[in-house]
Amino acid sequence: MLARIAIFEDNDRLRESLAYLLKMNNYDVVGDYNQCNDAANIARVYKPDVVLMDIDMPGESGIRGVQMIKEAQPKTAVIMYTVFEDDEKLFKCLCSGANGYLLKKTPPAKLFDAIQEVLEGGAPMSPTIAKKVLNTFQSRPDTNKYNLSPREIEVLQWLTKGYSIKLIASEMGLAFDTVRAHLKNIYQKLHVNCGKEAIAKALSERIV
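Residues numbered from 1 in each chain as written. Predicted model: local features only at pLDDT ≥ 70, side-chain atom pairs only at ≥ 80, totals over all residues. Heavy atoms only, no water.

Pairing in this open sheet of 5 strands is parallel, and the strands run S2-S1-S3-S4-S5 from one edge to the other. Every interior strand has two partners, whereas the edge strands, strand S2 (28-33) and strand S5 (100-103), have only one. Across the sheet, the mean angle from the axis of one strand to that of its neighbour is 20 degrees, orientation sign disregarded. Here strand S3 (residues 50-53) pairs with strand S4 (residues 77-82) via 4 bridges, running parallel. Bridge pairing in S4 places Val50 opposite Ala77. Of the strands in this sheet, strand S1 (4-8), S2, S3 and S4 touch helix H1 (residues 12-24), which is tilted by about 175 degrees from S2. Set on the sheet, helix H5 (residues 108-119) makes contact with S1, S3, S4 and S5; between it and S4 the angle comes to about 155 degrees. (Pairing = 2+ DSSP bridges. Helix = DSSP H or I, 4+ residues; strand = E, 2+ residues; numbered from the N terminus. Axes fitted to C-alpha atoms, helices over the stretch in contact; angles between N-to-C directions. Contact = heavy atoms within 4.5 Å.)

Quick look at the nonpolar core now. Note that soluble globular proteins tend to have their nonpolar side chains buried in a common cluster. One finds Phe8, Met53, Ile69, Met80 and Tyr101 to be the most contacted residues of the largest nonpolar core, which totals 28 residues. The leading source of residues in this core is helix H3 (residues 62-72), at 5 residues. Residues in contact with Met53, not counting those within four places in the same chain, are Phe8, Cys36, Gly62, Gly65, Val66, Ile69, Val78, Ile79, Met80 and Tyr81. (Core = buried A, V, L, I, M, F, W, Y, C linked by side-chain atoms within 4.5 Å. Buried < 20%, exposed > 50% of the residue type's maximum accessible area, 1.4 Å probe, protein only.)

Bringing the packing of helix H2 (residues 39-46) against H3 into the picture now. At a minimum axis distance of 8 Å, the contact between H2 and H3 shows a crossing angle of 35 degrees. The element H2 and its partner H3 pack so that their crossing is right-handed. Between H2 and H3, the contacting residues are Ala39, Ala40, Ala43 and Arg44 on the first element and Gly65, Met68, Ile69 and Ala72 on the second. Classifying every residue of the contact of H2 with H3 gives 6 nonpolar, 1 polar and 1 charged. (Left-handed = near helix turned anticlockwise from the far one by under 90°. Nonpolar A, V, L, I, M, F, W, Y, C, P; charged D, E, K, R; others polar.)

As a further point, take unusual backbone geometry. Phi is positive for Asn26, which is not a glycine, with a value near 65 degrees. Mapped onto the elements, Asn26 comes out in the loop between H1 and S2. Even without being glycine, Lys47 reaches a positive phi, approximately 45 degrees.

What the rule picks out here adds up to 3 aromatic pairs. An angle of 55 degrees between the planes, with centres 4.8 Å apart, marks the rings of Trp158 and Tyr163 as tilted. The exposure class assigned to Trp158 is buried, which follows from its relative accessible area of 12%. Overall, Tyr163 belongs to the partly exposed group, its relative accessible area being 27%. When the ring centre of Phe84 is taken as origin, the NZ or CZ atom of Lys89, which lies over that ring, is 4.6 Å away. (Phe/Tyr/Trp six-rings, centres within 6.5 Å; stacked < 30°, edge-to-face > 60°. Lys NZ or Arg CZ within 6 Å of the ring centre and 35° of its normal.)

Okay, the pattern of salt bridges next. Overall, the coordinates contain 11 salt bridges when judged by the stated rule. Linking Glu9 and Lys104 is a salt bridge whose minimum nitrogen-to-oxygen distance equals 2.8 Å. Remark: Lys104 occurs in the loop between S5 and H5 and Glu9 occurs in the loop between S1 and H1; sequence separation between them is 95 residues. According to the relative accessible area criterion, Lys104 is partly exposed, its value standing at 23%. Overlapping salt bridges bring together Glu9, Asp54 and Lys104 as one network. (Salt bridge = Lys/Arg side-chain N within 4 Å of Asp/Glu carboxyl O.)

Printed below as a string of C-alpha cells:
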C-alpha cells in the first residue's frame, strides 16, 4: 500500500514540484495546499500517513498547522519543511508535535529517505537542525525528571511569559478547561501549589 502524503506549502512552484516528485517515486499525494487553515479537516478526511508542512504561510502558521493535525489525526507524522533554522521556531514546532524538521535545501533523495524514516517511527532532521537540538539538550540540566509532556512544557512556556489561562487557551487553540487541566498536572509534577511557584521553579531550573 502506497504511503499517503499531504503537502502544505504556499510557494506554488515548489509545492507542485514536490507533488510531482513524490508521485513519481510511488507516493500517494492525497492533496497539496497553499495554506493550512483547514488542516484539521483535511487530516480527518484524507488520513495522510505523512504531512510536509511549511512554517510561514498565509493565515494560520505551519506551527499551528501541526497542532491541528495532531489533534485531529494523532497518528499522522508531520515533517516541517522550511527555510527557518532559528531555535525558537524549531522548538515551537517540536513542542507542537512535529516528527521531523528538514530545511528546504535538502536534496530530493534525502527528503525521500526522511519520509521513509518517519514512516518507520524515526525523527528525521537536517544535520544543522539535529546539531541544534543536541547542543540544547547538552547545555540544559535534566528537565525531564519531572516527566512533563511536550504540551505541558508549551503551556508552562506561555505561563512564564505572564499569560492567563484564557490567553494560553487562545494562543494554543485549546479549550479553557483543557489548559486548566494541563496546569493542574504541571503543578502536581513540579510539586508546587500555584502559577507563581511554577514560574519560579521553571525559570530557576531552566525547564523552559
